[in-house]
Each structure stands twice: as C-alpha cells, then as structure tokens.
Amino acid sequence: DIQMTQSPASLSASLEEIVTITCQASQDIGNWLAWYQQKPGKSPQLLIYDATSLADGVPSRFSGSRSGTQYSLKISRLQVEDIGSYYCQQAHSNPFTFGSGTKLEIK
Amino acid sequence: EVQLVESGGGLVQPGRSLKLSCLASGFTFSNYGMNWIRQAPGKGLEWVASISSSSSYIYYADTVKGRFTISRDNAKNTLYLQMTSLRSEDTALYYCARQGYGDWYFDFWGPGTMVTVSS
C-alpha cells in the first residue's frame, strides 16, 4: 500500500500569513494527489486534484505543488474561514490512502 | 444541487450486521462511481469501498474485505453498504462520496451516518 506522510500534525498561524502543508508519498504517484479541507463538524471538501488543479468554487488563495514524491498545499493569505483540518489523498492506486491530517488554527 | 444523504447508522453489538444507505440527488447518479469513506471519532479519513457506475468494478480496503459489501441501485439513486461481523474498530462516521475529476477523487460528500459498535 502507498503511505502518505503528512506534516505538520498541527499548525498555528496568523491571519494573512502564508501556510504550507506537505505530504510525502512512499512511492511515485505522479500527479495523482488531492487535498481536502474539513471544517469543524463538517464533511471534507475537495480543494485540489491532480496535485495542482483547483476544484470548482475553491478560492484562488489555495494552491498545490509537487516536487518528486513531495506534495504541498499552500494557503497564500490565511483567513479565519480556513481553520479546520486538511488531508492529502493519493489517487494512484487502491487502497486510496489519506494522510494523517493537519489541524490548522489561528494564532 | 448535488446532495448525498446517508442513513442507517446506529448502535450495534459486536458481531452483528448493519446496512447503510446513501440517497443521491441533483446529478445523474448512474454516471458516477461512488464510495464509502469513514472517520473514527477524533481520527483521520479511511477509504472503505468503491463501486463503479454500472457496478462492474468493486474495490475494498483490506480492513473490511470479506465483511462489507458495497452495492448500488441506479433506479433508486441509492448506494448501500452491508456491514457484517462488525467490530469495535468499525466504529466511525461513515461518509458516502461521489467520484469526480477523474477516477479516484471525491468531489462531493454527504454529512455522514454514525456507526457505533459496542456491547
């Protein structure tokens, strides 16, 4: 199975700050990676697919990038509505594994 | 508007069975692959099972293989998860999720239904 190692586990940042979350895949998954946001008490929402493509309706302050088997989610200017947990997910092969999550809080 | 609404969760004893349903609306259900994904209390996300649009392809996580069965009724716009031989580690919020943007991305999720396995 492909393991997705996500870091950090938690993150506290100030409003308007740049935030970066990373995921390391245990093997080559190409661009088959998604990022999800889960606000407190809500279902996950797709943010990014194919490593860098923004899902419909997602604000442009969210972006994804890839360097080899390392993937990053960047929030360019943190807003209060961005608090919650973030998960990466590999879409390369079954089982479709998720990272362990990053809990984002406002400082 | 795409809507997915799960039902059928509850408290069940270890070893017993439970069947979850997910009613879909706002899109052509028969055109999309569907999935069950779960989240144990305070924990992360775990993909459980997938079924293709015409039920031709079905996949399971090893943790549920042989105990859970995913199925769908396209005439009723409904996805199912039959769960047998339930264990305490199956306790979780179970989400129904649609596949979009290609094969294995989950673009819409329901609010989930809670399954608690306890004696």
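Above this text is the structure in question.
First, a word on scope: everything that follows refers to the structure included in this document. (Residues numbered from 1 in each chain as written. Chains lettered and ligands numbered in written order. Predicted model: local features only at pLDDT ≥ 70, side-chain atom pairs only at ≥ 80, totals over all residues. Heavy atoms only, no water.)

**Comments concerning the environment of G30 of chain A**
Piece 1. Summarising the element assignment, G30 of chain A is placed in the loop between β3 (19-25) and β4 (33-38).
Piece 2. Filtering out sequence-adjacent residues up to four positions away, G30 of chain A remains in contact with R66 and Y71 of chain A. (Helix = DSSP H or I, 4+ residues; strand = E, 2+ residues; numbered from the N terminus. Contact = heavy atoms within 4.5 Å.)

**Thoughts on the sheet that holds strand β7 (residues 62-67) of chain A**
All names here are of chain A.
Piece 1. Overall, antiparallel pairing links the four strands, which are arranged β1-β3-β8-β7 in an open sheet. In this open sheet, the two strands that pair with only one neighbour each are β1 (4-7) and β7. The mean inter-strand angle of the sheet, taken between neighbouring strand axes irrespective of direction, is 20°.
Piece 2. Two strands pair when backbone bridges link them, and β1 and β3 are joined in this way by four bridges, in the antiparallel orientation. Directly across from Q6, in β3, lies its bridge partner C23. (Pairing = 2+ DSSP bridges. Axes fitted to C-alpha atoms, helices over the stretch in contact; angles between N-to-C directions.)

**A look at the pattern of salt bridges**
Piece 1. Summed over all chains, the structure comprises nine salt bridges over all chains.
Piece 2. As a salt-bridge pair, R66 of chain A and D28 of chain A come within 3.8 Å of each other at their nearest N and O atoms. In this pair, R66 of chain A sits in strand β7 while D28 of chain A sits in the loop between β3 and β4, placing the two residues 38 residues apart along the sequence.
Piece 3. A salt bridge links R98 of chain B to D107 of chain B, with the nearest nitrogen and oxygen atoms 2.7 Å apart.
Piece 4. On the accessibility criterion, R98 of chain B (7% relative accessible area) is buried.
Piece 5. Members of the salt-bridge network, linked through shared partners, are R38, E46, R67 and D90 of chain B. (Salt bridge = Lys/Arg side-chain N within 4 Å of Asp/Glu carboxyl O. Buried < 20%, exposed > 50% of the residue type's maximum accessible area, 1.4 Å probe, protein only.)

**Remarks on the state of the cysteines**
Piece 1. Enumeration over the complete set of coordinates arrives at two disulfides over all chains.
Piece 2. In this model C23 of chain A forms its disulfide with C88 of chain A; the gap between the sulfur atoms is 1.8 Å. Judged by the sign of its S-S torsion, about -75°, the bond between C23 of chain A and C88 of chain A is left-handed. Taken together, the residues span a long stretch of sequence, with C23 of chain A in strand β3 and C88 of chain A in strand β9 (residues 84-90) at a distance of 65 residues. Like C23 of chain A, the residue C88 of chain A is buried in the burial classification.
Piece 3. Disulfide pairing is shown between C22 of chain B and C96 of chain B; the S-S distance is 2.1 Å. Its S-S torsion of approximately -65° makes the covalent link between C22 of chain B and C96 of chain B left-handed. (Disulfide = S-S within 2.5 Å.)

**Description of the packing of aromatic side chains**
Piece 1. Counted under the stated rule, the structure contains 15 aromatic pairs over all chains.
Piece 2. Seen from their ring centres, Y36 of chain A and F106 of chain B are 6.4 Å apart, and the 25° between their planes marks the pair as stacked. A residue pair is termed interchain when its members come from two chains, as with Y36 of chain A in strand β4 and F106 of chain B in strand β10 (residues 105-109). The residues Y36 of chain A and F106 of chain B share a single accessibility class, namely buried.
Piece 3. Considering the side-chain rings of Y95 of chain B and W109 of chain B, the 5.6 Å spacing of their centres and the 80° angle between planes classify their relative orientation as edge-to-face. Of this pair, Y95 of chain B sits in strand β9 (residues 92-100) while W109 of chain B sits in strand β10, and the two are 14 residues apart along the sequence. We note that Y95 of chain B, like W109 of chain B, is buried.
Piece 4. Across from the ring centre of Y80 of chain B, 4.6 Å away, lies the NZ or CZ of K19 of chain B, which sits over that ring. (Phe/Tyr/Trp six-rings, centres within 6.5 Å; stacked < 30°, edge-to-face > 60°. Lys NZ or Arg CZ within 6 Å of the ring centre and 35° of its normal.)

**Some words on the nonpolar core**
Piece 1. The biggest cluster of nonpolar side chains holds 41 residues, and the ones touching the most others in it are W35 and F98 of chain A together with W109 of chain B.
Piece 2. At the level of secondary structure, the elements contributing two or more residues to this core comprise β3, β4, β5 (45-49), β8 (70-75) and β9 of chain A together with β5 (45-51), β9 and β10 of chain B.
Piece 3. The residues touching F98 of chain A, leaving out its near neighbours within four places in the chain, are M4, Y36, Y87, C88 and Q89 of chain A together with I37, L45, E46, W47, F106 and W109 of chain B.
Piece 4. Listed in part, the 27 residues of the second largest apolar core include V2, F27, V64 and L86 of chain B. (Core = buried A, V, L, I, M, F, W, Y, C linked by side-chain atoms within 4.5 Å.)

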